[in-house]
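This is what each chain is made of:
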Amino acid sequence: EDDNVLHIGGIFPIGGKGGWQGGQACEPAVRLALEDVNKNSILSGYQLKLHWNDSECDPGLGASVMYDLLYNKPQKLMLLAGCSTVCTTVAEAAKMWNLVVLCYGASSPALSDRNRFPTLFRTHPSATVHSPTRITLMKKFEWYRIAILQQTEEVFISTVEDIETRCKQNGIEIITRQSFVSDPADAVKNLRRQDARIIVGLFYVVAARKVLCEMYKQQLYGKAYVWFFIGWYEDNWFEDNLENEGIQCTKKEMRIAAEGHITTEALMWNQNINQKTISGMTSEDFRKRLENVLRSEGFAIDRHRYPEGYQEAPLAYDAVWAVALAFNKTMSILQKQGKSITSFNYNNKEVADHIYSAINSTQFLGISGYVAFSSQGDRIALTQIEQVIEGKYVKLGYYDTQSDNLTWFDKEKWIGGKVPQDRTVIRRVL
Ligand SMILES: CC1(C)CO[C@@H](CC(=O)O)CN1
């Protein structure tokens, strides 16, 4: 095999129906990154080569793609993967081959576990990255009595556990935790029964539309309520798809119920769009290049419609740069010992440990912003807070968990003209 090539494996969720088909935009983003890394002198003469296949976001298919990659030459130095379910399977097995796994599209909090996943790193933030942001907002507006409404999916179950822990640490009482599999009607009724006013909602976008219509019907919206929704739904999610999802509310009713809700989301595109990143590109330059590639492959790109994974594409692009920087660091350390990174093999822990500690300490400014990993391999990321004001999302601020710093624009608007309260206040008439 040609000796100045470093081979890596890739598993992308492209086809299939279930879960997240984010490989559609993430695989092209990885291609752009390989182009940039290979024309750059970062790997001092070596070329990075990717061998990949489609997991359809199915863990079983992902496992068979991994075995194909590992049991066919050339041997791979590490693996890129997407989708929480596939990353769980691949990262749990990868230690048997001494392989680092870098996940660009996995949000499950369960993956932050060094015992189960000793060699996992993610450029995609965990869903728990929202928790400190939500807590900070509750303390800012003095909401110390909250409720939780969640869909019974693994990612939301472990997110709620994280919220519960942080609420306890901050003296915030969770008065009720309601969950539903697909019909939220009873859960919403229980929220009303408990006089819930500040509600954190954790569900996928199809369930979110059902919740919103239930909120309208049961009048759990308006000036006395604050709803926290997840911020990565598409912009006009609460008006879309109503007919073919059998939503029993009109667009107008959905807009009324949605007015004023707050969202939190992890930032995946560097907000300073003119700031040059490690590749020399700004995030705006990257967006233009990515959209050209996607259009040339037949994707329709417009304000409301993007291929799946478009939002996460910077995470995939930056994952390749993280690999290149880590390999570069590993090669210079090994060279001092008269060794080569290509002496890596699946039973050779020594080189694997060098690759692990190199990626563990890798930090750089990427298209997705500052890239750095926690001791659990989690992506350290900023979060963004928005609010629906007159039917449109307005940026309210950003939160940096590391420095516990909230940047606030004072743009929030309350339907009743003042901050909603977390409970019914009995006024004593003297
Ligand atoms: C923000 C989102 C949509 C969360 O799910 C990720 C996919 C997954 O965790 O399986 C992709 N990015």
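Look a little higher up for the structure.
In this report, the structure presented in the accompanying data block is examined. (Residues numbered from 1 in each chain as written. Predicted model: local features only at pLDDT ≥ 70, side-chain atom pairs only at ≥ 80, totals over all residues. Heavy atoms only, no water.)

Observations concerning the side chain of E214
Reasoning step 1: Here E214 lies in helix 7 (residues 205-217).
Reasoning step 2: For E214, a relative accessible area of 11% puts it in the buried group. (Helix = DSSP H or I, 4+ residues; strand = E, 2+ residues; numbered from the N terminus. Buried < 20%, exposed > 50% of the residue type's maximum accessible area, 1.4 Å probe, protein only.)

Examining the nonpolar core
Reasoning step 1: Grouped together as the largest cluster of nonpolar side chains are 83 residues, with contacts concentrated most on L43, L48, L80, L102, F286 and F327.
Reasoning step 2: It is helix 10 (residues 313-336) that provides the largest number of residues to this core, a total of 15 residues.
Reasoning step 3: Among residues more than four places away in sequence, those in contact with L80 are I8, G9, G10, I11, V30, L50, L102, Y104, A319, V320 and V323.
Reasoning step 4: One finds I172, F203, W227 and L396 within the second-largest nonpolar core, a separate group that totals 58 residues. (Core = buried A, V, L, I, M, F, W, Y, C linked by side-chain atoms within 4.5 Å. Contact = heavy atoms within 4.5 Å.)

So, the state of the cysteines
Reasoning step 1: Under the counting rule described, the total for this entry stands at three disulfides.
Reasoning step 2: A sulfur-sulfur distance of 2.3 Å marks the disulfide that ties C87 to C103. Here the S-S torsion is close to -125°, and the disulfide linking C87 with C103 is therefore left-handed. Separated by 16 residues along the polypeptide, C87 in helix 3 (residues 84-94) and C103 in strand 4 (residues 100-105) bring together distant segments of the chain.
Reasoning step 3: Accessibility expressed as a relative area gives 0% for C87, which makes it buried.
Reasoning step 4: The residue that forms a disulfide with C213 is C249, at a sulfur-sulfur distance of 1.9 Å. The sign of the 85° torsion about the S-S bond sets the C213-C249 disulfide as right-handed. Linking C213 in helix 7 with C249 in the loop between strand 9 (226-230) and helix 8 (251-258), this pair joins segments that are 36 residues apart in sequence. Take C213 and C249: they sit in the same class, and that class is buried. (Disulfide = S-S within 2.5 Å.)

Section: the environment of A207
Reasoning step 1: Structurally, A207 is set in helix 7.
Reasoning step 2: Spatially, the C-alpha atom of A207 lies 9.4 Å from that of F180, the residues being 27 residues apart in sequence.
Reasoning step 3: Residues within four places of A207 in sequence aside, it is in contact with Q151 and F180.

Thoughts on the site of the ligand
Reasoning step 1: Lining the immediate surroundings of the ligand are W20, C83, S84, G105, A106, S107, H124, W232, M268 and E312.
Reasoning step 2: One of the side-chain nitrogen or oxygen atoms of H124 is found 2.9 Å away from a nitrogen atom of the ligand.
Reasoning step 3: When grouped by side-chain class, the residues that make up the shell around the ligand number five nonpolar, four polar and one charged. (Near = heavy atom within 4 Å. Polar contact = N/O pair within 3.5 Å; in protein donor to acceptor, adjacent residues only side chain to side chain. Nonpolar A, V, L, I, M, F, W, Y, C, P; charged D, E, K, R; others polar.)

Regarding the pairing of strand 10 (residues 262-266)
Reasoning step 1: Along strand 10, five of the five residues are buried, which leaves the element largely enclosed by surrounding structure.
Reasoning step 2: Alternating positions in strand 10 separate into two faces, I262, T264 and A266 on one and T263 and E265 on the other, with burial throughout.
Reasoning step 3: Sheet topology places strand 9 next to strand 10; three bridges connect them, and they run parallel. The residue of strand 10 that forms the bridge with I230 is T264.
Reasoning step 4: In this fold, the crossover linking strand 9 to strand 10 by way of helix 8 has right-handed handedness.
Reasoning step 5: Summarising the sheet, strand 10 and strand 13 (residues 382-389) pair through five bridges and their orientation is antiparallel. If you follow A266 over to strand 13, its bridge partner there is T383. (Pairing = 2+ DSSP bridges. Right-handed = clockwise from strand over helix to strand, strands pointing away.)

Remarks on the sheet that holds strand 2 (residues 47-54)
Reasoning step 1: Spatially, 2-1-3-4-5 is the arrangement adopted by the five strands of the open sheet, whose pairing is parallel. Edge positions in the sheet fall to strand 2 and strand 5 (120-122), since each has one partner strand and no second. Put simply, the sheet's adjacent strands are angled 25° from each other on average, direction ignored.
Reasoning step 2: Where strand 1 (residues 5-12) lies against strand 2, eight bridges are found, and the strand directions are parallel. Looking at strand 2, one finds that V5 is bridged to Q47.
Reasoning step 3: Where helix 11 (residues 349-360) meets the sheet, it contacts strand 4 and strand 5, and its direction lies at approximately 35° from that of strand 4. (Axes fitted to C-alpha atoms, helices over the stretch in contact; angles between N-to-C directions.)

With respect to the pattern of salt bridges
Reasoning step 1: Evaluated as defined, the whole model comprises 21 salt bridges.
Reasoning step 2: Ionic pairing is found between D36 and K39, a salt bridge with its closest N-O pair at 3.3 Å. Here D36 pairs with K39, and both are found in helix 1 (residues 23-39), just three residues apart, close to one helical turn.
Reasoning step 3: On the accessibility criterion, D36 (5% relative accessible area) is buried.
Reasoning step 4: Its salt-bridge partner being D353, residue K349 comes within 3.2 Å of it at the nearest N-O pair. Within this pair, K349 and its partner D353 are both found in helix 11, separated by four residues, close to a single helical turn.
Reasoning step 5: A relative accessible area of 48% means that K349 is categorised as partly exposed.
Reasoning step 6: Classification of D353 by relative accessible area gives partly exposed; the value is 38%.
Reasoning step 7: Salt bridges here are not isolated pairs; linked through shared partners, they connect E35, D36, K39 and R289. (Salt bridge = Lys/Arg side-chain N within 4 Å of Asp/Glu carboxyl O.)

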